[in-house]
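What follows is the residue order along each chain.
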Amino acid sequence: MVQSASADRSNSDLASSLAAAEERYKAENPKSGARAEEAARAMPGGNTRTVVHYTPYPLTIASGKGATITDIDGHLYTDFLGEYTAGLYGHSDPRLVKAVTDAVEAGVGLGGPNRYDAELAQLICSRFPSVDLLRFCNSGTEANLFALSAARAFTGRSKVMAFAGGYHGGVFYFGQAGSPINAPFPFVMSTFNDIDGTAALIEEHAGDLAAIIVEPMMGSAGAIPAAPGFLETLRERSAAHGVILIFDEVMTSRLGPGGLQEKTGVTPDMTSFGKYLGGGMTFGAFGGRRDIMSMFDPYAPNAVSHPGTFNNNVLSMAAGLVGLRDIYTPEAAETLNTRGDRFREQLGAVIARHDAPMQVTGMGSILALHFQRAPIRRPQDTWPADAKTAAHREGLRKLLHLDLIASGIYMARRGFISLSLPLGQPDFDGFAGALDEFLTVRGDLLDDA
């Protein structure tokens, strides 16, 4: 692909602008820089969680209150990252602080059922249509691992259908480059929102296909909603062949009172949960049809064992119960996601006013910014065909991220945004204003590649 002279200049200008932004960042955040160097002595690259790394080094966060976080250099930021959807409640909500404090004072690591786990399980079962019975674990990754393993045990089949670009936890990552540490299941890979192609693959592998795992809106892949008819096709074809349909609602369960399964009217056989449902504590859960989940009933003959020291740890159970019962009520879920839809429209209006090659995808309280005009219906639509375009878009993402940090706004470098309950319209206006300034000052660096 031949680049024009103006495109070459744009890439050169982008490189110099990015270099200047990084120097500004380092000058303004010396304590985070020193902390990153210290961390690298004990952790590879100073990192133990890949998603929070970015160059030249990440900010070290010292504290949070409401929708505001503070780094160790003393800078305050409005938090639009929302701990990648786990931070739904904002920071240090007094009701959650009390729940955790009371649990700690009553005793941690009690070695048995506690005062909170059964009520939280009942509440989740009542909120999400697919869940007759539920078991807790410690993360969304674990939840998906157990859900898939349960489906394989229940069906006696081995294969799992997943979708290119999908993310279902640390050992279920199907991005453009894949992952060498994925769980060694025999995967059948399909394309998100490809109704005909996916239906054909289900037919081809039905005899040995145990499960289909899908996010009803892809989250980490770029906040890409399912197209009309796609989830319905998965439901129909999986049911026809006895394949267990698993909705990964680790992120999307926050998008409605009963998750996207309630909102779309498509009920899977099993659902995996995580993130915010622990009230800010570590959390995972998987549940579904009674006949599947009854495999884990310890009173039953030949029961499947599912141990885990911290499955029902009192901190997660106590905070999760207070959060879902008292704070993220069905009414609160509707309100937050309505605000999110309006915020997405607000950002879209800023982009349209500049006629910029950008777009905002997502639903409700989960959004993503993309540097392209072309429609996005699947993750592959965001994967540039040539290296120069890929590098240019990555440079723009870096520059936007650093410019927003300089403006006091914190979000994911890849453009991912998740809203928390404490955010209000002044915060949304502040983000829209910062994006408007970025497009005003940096607009000539953008192109339509």
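Computed from a predicted model, the values in this text were never measured in an experiment.

## Quick word on the overall build of the chain
Then comes step 1: Of regular secondary structure, the chain possesses 13 helices and 16 strands.
Then comes step 2: Relative to the compact-globule value of 22 Å for 449 residues, the chain shows a C-alpha radius of gyration of 22 Å, a close match.
Then comes step 3: With the C-alpha coordinates of the chain rotated into their principal frame, the extents come out at 70 × 55 × 45 Å.
Then comes step 4: Considering only contacts in the chain between residues 6 or more positions apart, those separated by 24 or more positions represent 73%.
Then comes step 5: Carbon together with sulfur atoms contributes 54% to the accessible area of the chain, which is approximately 18,800 Å² in total.
Then comes step 6: Separation between the mean location of the 38 positive side-chain charges and that of the 49 negative ones in the chain comes to 2 Å.

## Points about the packing of helix α4 (residues 117-127) against helix α10 (residues 314-327)
Then comes step 1: At a closest axis distance of 9 Å, the pairing of α4 and α10 adopts a crossing angle of 40°. In terms of orientation, α4 lies oblique with respect to α10. The crossing of α4 and α10 is left-handed. Here Asp117, Glu119, Leu120, Leu123, Ile124 and Arg127 of α4 come into contact with α10, specifically with Ser316, Met317, Gly320, Leu321, Leu324 and Arg325.
Then comes step 2: By residue class, the composition of the contact of α4 with α10 is 6 nonpolar, 2 polar and 4 charged.

## A word on the packing of aromatic side chains
Each pair of aromatic rings is reported with the distance of its centres and the angle of its planes.
Then comes step 1: Enumeration according to the criterion identifies 22 aromatic pairs in this entry.
Then comes step 2: Taken together, the ring pairs connect Phe80, Phe343, Phe428 and Phe431 into an aromatic cluster.
Then comes step 3: Here the basic side chain of Arg152 rests over the ring of Phe185, its NZ or CZ set 4.5 Å away from the ring centre.
Then comes step 4: In this structure, Arg414 packs its charged tip against the face of Phe416, placed 5.2 Å from the ring centre.

Definitions and cut-offs
Residues numbered from 1 in each chain as written. Predicted model: local features only at pLDDT ≥ 70, side-chain atom pairs only at ≥ 80, totals over all residues. Heavy atoms only, no water. Helix = DSSP H or I, 4+ residues; strand = E, 2+ residues; numbered from the N terminus. Rg over C-alpha atoms; globule rule 2.2 N^0.38 Å. Contact = heavy atoms within 4.5 Å. Areas by Shrake-Rupley, 256 points an atom, 1.4 Å probe, with all protein chains shown as cover. Lys, Arg positive; Asp, Glu negative; His and termini not counted. Charge placed at Lys NZ, Arg CZ, Asp CG, Glu CD. Axes fitted to C-alpha atoms, helices over the stretch in contact; angles between N-to-C directions. Parallel < 35°, antiparallel > 145°, perpendicular 65-115°, else oblique. Left-handed = near helix turned anticlockwise from the far one by under 90°. Nonpolar A, V, L, I, M, F, W, Y, C, P; charged D, E, K, R; others polar. Phe/Tyr/Trp six-rings, centres within 6.5 Å; stacked < 30°, edge-to-face > 60°. Lys NZ or Arg CZ within 6 Å of the ring centre and 35° of its normal.

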